[in-house]
Amino acid sequence: MADHSFSDGVPSDSVEAAKNASNTEKLTDQVMQNPRVLAALQERLDNVPHTPSSYIETLPKAVKRRINALKQLQVRCAHIEAKFYEEVHDLERKYAALYQPLFDKRREFITGDVEPTDAESEWHSENEEEEKLAGDMKNKVVVTEKEAATAEEPNPKGIPEFWFTIFRNVDMLSELVQEYDEPILKHLQDIKVKFSDPGQPMSFVLEFHFEPNDYFTNSVLTKTYKMKSEPDKADPFSFEGPEIVDCDGCTIDWKKGKNVTVKTIKKKQKHKGRGTVRTITKQVPNESFFNFFNPLKASGDGESLDEDSEFTLASDFEIGHFFRERIVPRAVLYFTGEAIEDDDNFEEGEEGEEEELEGDEEGEDEDDAEINPKKEPSQPAECKQQ
């Protein structure tokens, strides 16, 4: 029979447990009074990340309920913002009609169909006085030579290679252009932006107008960009305005042997049975700017694109947006390079401001430093949409 010892009527194992608990409590008190232990615990607490979400989790249910109500209001704000951008699109369409006569005249000057008047060609540059002074001094020295040179100076029609020069000047575009694309782009006469009609899904079309050439029969090549201006049901708070969601190109009717988007390669094949070898030719894709008109399609079947495809599609959308917002409205400034210089100066200004802020941070107290270790528009008949 088991031996159960008692002391004053209390089992001995209970007395032993009480003694152990008392000893543990005393030991804990001694540890918590140790400054080193307390400092180590405090350091660990300080290193625990305090994120907004962790803070929200600590709030009472009544407060969380009110936060949910604020989110509902935010979703309604996003839908109102979407309506705002729809009206902005309507305004863009309205003012595009006002810009177009000026752009049409721009094309006439570029192609040489119309010669600008003296009043239309007068322009006062910032360095006009210096240039005039330098010109006067040069005239006094070489009047005769200048007159002879002026008489012999060529007078080409319009502004040769206007759009092709823009392609060369803009890095985003020049990266797409291959050497064999250049002769074709020299035939480019105009680029237009057309906005979707009222009541139709939001979109815009880029039209590339070419003069007759030896490469394809199309007079116009088009690229349609479809847009969405509504909050995503699954993630309404990500809405920041209209976004391009897909694009369509067109079929280029290449003349025989002139298609620069493909190249012909020869490949040898060996017959498995007889061992004979034959040479076959096949066409494979070739890098070219004109692949721009045969874009990758956004996945519409629920399947996600691979990383390379997503990058290609995002780059395409960026280029389309750049044509619409910068190149077409300010073409002459990209031809002269002034718009590019403005962009470079703006970027340098941002960097300079960042460096100045970093300098301010370095000037903080030393103690602080130690503490911190879119129905699309109808397509032109010359180009068949894919």
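Conventions we followed
- Within any chain, residue numbers begin from 1 and follow the written order of that chain's sequence.
- Given that the model is predicted, a residue must reach a pLDDT of at least 70 before its local features are reported, and side-chain atom pairs must reach 80 or more before they are shown or counted; all residues, however, enter totals for whole chains, interfaces and linings.
- Note: side-chain values were computed over all heavy atoms of the structure, leaving out hydrogens and water.
- UniProt positions are given in the numbering used here, feature names are shortened, and annotations may be inferred rather than shown by experiment.
- A patch is a set of surface residues, each over 30% in relative accessible area and not in a salt bridge, joined within 9 Å for like charges and within 5 Å for the nonpolar side chains Val, Leu, Ile, Met, Phe, Trp and Tyr.
- All accessible areas in this document rest on Shrake-Rupley with a 1.4 Å probe, and a residue is counted as covered only by the protein chains that are shown.
- Take a side-chain nitrogen of Lys or Arg and a carboxyl oxygen of Asp or Glu: if they are within 4 Å of each other, that pair is a salt bridge.
- His is not counted here, nor are the chain ends, while Lys and Arg score as positive and Asp and Glu score as negative.
- A single reference atom marks each charge: NZ on Lys, CZ on Arg, CG on Asp, CD on Glu.
- Put simply, DSSP H or I for four residues or longer makes a helix, DSSP E for two residues or longer makes a strand, and each gets a number counted from the N terminus.
- Exposure categories follow from relative accessible area, calculated using a 1.4 Å probe and restricted to protein chains: below 20% of the type maximum is buried, above 50% is exposed, and the middle band is partly exposed.
- For a helix, the expected span equals 1.5 Å multiplied by the number of residues minus one.
- We define a nonpolar core as any set of buried Ala, Val, Leu, Ile, Met, Phe, Trp, Tyr and Cys residues linked to one another through side-chain atoms lying within 4.5 Å.
- Only heavy atoms enter the contact rule, under which two residues are in contact if any of them lie within 4.5 Å.
- Pairing of aromatic rings covers Phe, Tyr and the six-membered ring of Trp, with a centre-to-centre limit of 6.5 Å; geometry is then stacked below 30 degrees between planes, edge-to-face above 60, and tilted otherwise.
- Pairing between two strands is assigned when DSSP locates at least 2 bridges connecting them.
- Note on geometry: axes are C-alpha line fits, over the in-contact stretch for helices, and angles between N-to-C directions span 0 to 180 degrees.
- As used in this structure description, the phrase polar contact means that two N or O atoms lie within 3.5 Å; if the pair is within protein, one of them must be able to donate a hydrogen and the other to accept it, and residues adjacent in sequence are counted only when both atoms belong to side chains.
- A residue's bend is simply the angle between two axes: one fitted to the seven residues ending at it, one to the seven starting at it.

Within an unreviewed UniProt entry, the label attached to the chain reads NAP1L4 isoform 1, and the organism entered is Pan troglodytes. Turning to the chain, the UniProt annotation filed under Subcellular location (unreviewed entry) states: "Nucleus". According to the UniProt record, the Sequence similarities (unreviewed entry) comment for the chain reads "Belongs to the nucleosome assembly protein (NAP) family."

Observations regarding a negative patch on the surface
Together, Asp306, Glu307, Asp308 and Glu310 make up a negatively charged patch on the protein surface. Among the secondary structure elements, Asp306 is positioned in the loop between β9 (277-285) and α10 (307-327). Assessed through its relative accessible area of 46%, Asp306 is described here as partly exposed.

Focus: unusual backbone geometry
Despite not being glycine, Glu161 has its phi angle at roughly 55 degrees, a positive value. The class for Glu161 is partly exposed, based on a relative accessible area of 32%.

Focus on α10
Helical geometry note: an α-helix holds 3.6 residues per turn, so side chains three or four residues apart project in the same direction. The first and last C-alpha atoms of α10 sit 28 Å apart over 21 residues, in line with the 30 Å expected at 1.5 Å per residue. Those residues of α10 lying buried are Ser309, Leu313, Asp316, Phe317, Ile319, Gly320, Phe322, Phe323, Arg324 and Ile327.

Observations concerning the nonpolar core
Among the nonpolar cores identified, the biggest contains 47 residues, and Phe167, Phe208, Phe290 and Phe323 are the most heavily contacted of them. At six residues, α10 tops the list of elements feeding residues into this core. Residues contacting Phe290, with those up to four places away along its chain left out, are Asp181, Ile184, Leu185, Phe210, Phe216, Leu221, Ile252, Trp254, Val260 and Thr261.

Observations regarding the packing of aromatic side chains
Per the stated rule, a full pass over the model turns up 24 aromatic pairs. Seen in terms of ring centroids, Phe208 and Phe323 are 5.4 Å apart; in terms of plane orientation they differ by 85 degrees. Their pairing is edge-to-face. With Phe208 in strand β4 (residues 203-210) and Phe323 in helix α10, this pair connects stretches of sequence that are 115 residues apart. When the ring of Phe289 is compared with that of Phe290, the centres are 5.4 Å apart and the planes differ by 75 degrees; the resulting orientation is edge-to-face. Judged on exposure class, the residue Phe289 and its partner Phe290 are both buried.

Focus on a nonpolar patch on the surface
On the surface, Leu91, Tyr95, Leu98 and Tyr99 cluster together into a nonpolar patch covering about 420 Å² of accessible area. The topology assignment puts Leu91 in helix α4 (residues 61-111).

Here's the deal with the sheet that holds strand β5 (residues 220-228)
If you trace the four strands from one edge of the open sheet to the other, you get β3-β4-β5-β6, paired in antiparallel fashion. Lying at the two open borders of the sheet, with one neighbouring strand each, are β3 (188-195) and β6 (243-248). Taken over all neighbouring pairs, the strand axes of this sheet differ in orientation by 20 degrees on average, direction set aside. Taken strand by strand, α4 contacts β3 and β4, and its axis lies near 170 degrees from that of β3. Those strands touched by helix α7 (residues 162-169) are β3 and β4, and its axis lies near 75 degrees from that of β3.

Here we look at the side chain of Ser229
With respect to the helices and strands, Ser229 occurs in the loop between β5 and β6. The exposure class of Ser229 is buried, given its relative accessible area of 8%. The contact partners of Ser229, leaving out residues within four places of it in the chain, are Ala82, Tyr85, Glu86, Met202, Phe239 and Pro242.

Points about the pairing of β4
Counting buried residues along β4, eight of its eight residues qualify, which places the element largely inside the surrounding structure. With burial as the criterion, each face of β4 is covered, one bearing Ser203, Val205, Glu207 and His209 and the other bearing Phe204, Leu206, Phe208 and Phe210. In this sheet, β4 lies alongside β3 in antiparallel orientation, the contact comprising seven bridges. Bridging from a neighbouring strand, Val193 pairs with Leu206 of β4.

Overview of the side chain of Thr111
If you trace the backbone, Thr111 turns up in helix α4. The class for Thr111 is buried, based on a relative accessible area of 14%. At 3.4 Å, the side chain of Thr111 and the backbone oxygen of Glu108 are in polar contact. Polar contacts involving the side chain of Thr111 include one to the side chain of Asp113, which spans 3.1 Å. What Thr111 contacts, discounting residues up to four positions off in sequence, is Lys157, Gly158 and Gln189.

Observations concerning α4
In this model α4 runs 70 Å from its N-terminal to its C-terminal C-alpha over 51 residues, within 8% of the 75 Å that 1.5 Å per residue would give. Helix geometry: α4 is bent most strongly at Tyr99, by close to 35 degrees, with proline Pro101 lying one to four residues after it. Restricting attention to buried positions, one finds in α4 the residues Ala78, Ala82, His89, Arg93, Ala96, Gln100, Phe103, Arg106, Ile110 and Thr111. Check the buried side of α4 and you find it contacts α7, β3, β4 and α11 (331-336). Immediately beyond the C-terminal end of α4, within one or two residues, lies Gly112, with a positive phi of roughly 85 degrees.

Some thoughts on the pattern of salt bridges
Scanning the entire structure with this criterion turns up 12 salt bridges. With a closest N to O distance of 3.9 Å, Lys83 and Glu86 form a salt bridge. On the criterion of helical spacing, the pair formed by Lys83 and Glu86 is a turn pair, its members being three residues apart in helix α4. Residue classification places Glu86 among the partly exposed residues on the basis of a relative accessible area of 34%. A salt bridge links Lys228 to Glu243, with the nearest nitrogen and oxygen atoms 3.9 Å apart. Here Glu243 lies in strand β6 and Lys228 lies in strand β5, a separation of 15 residues in the sequence.

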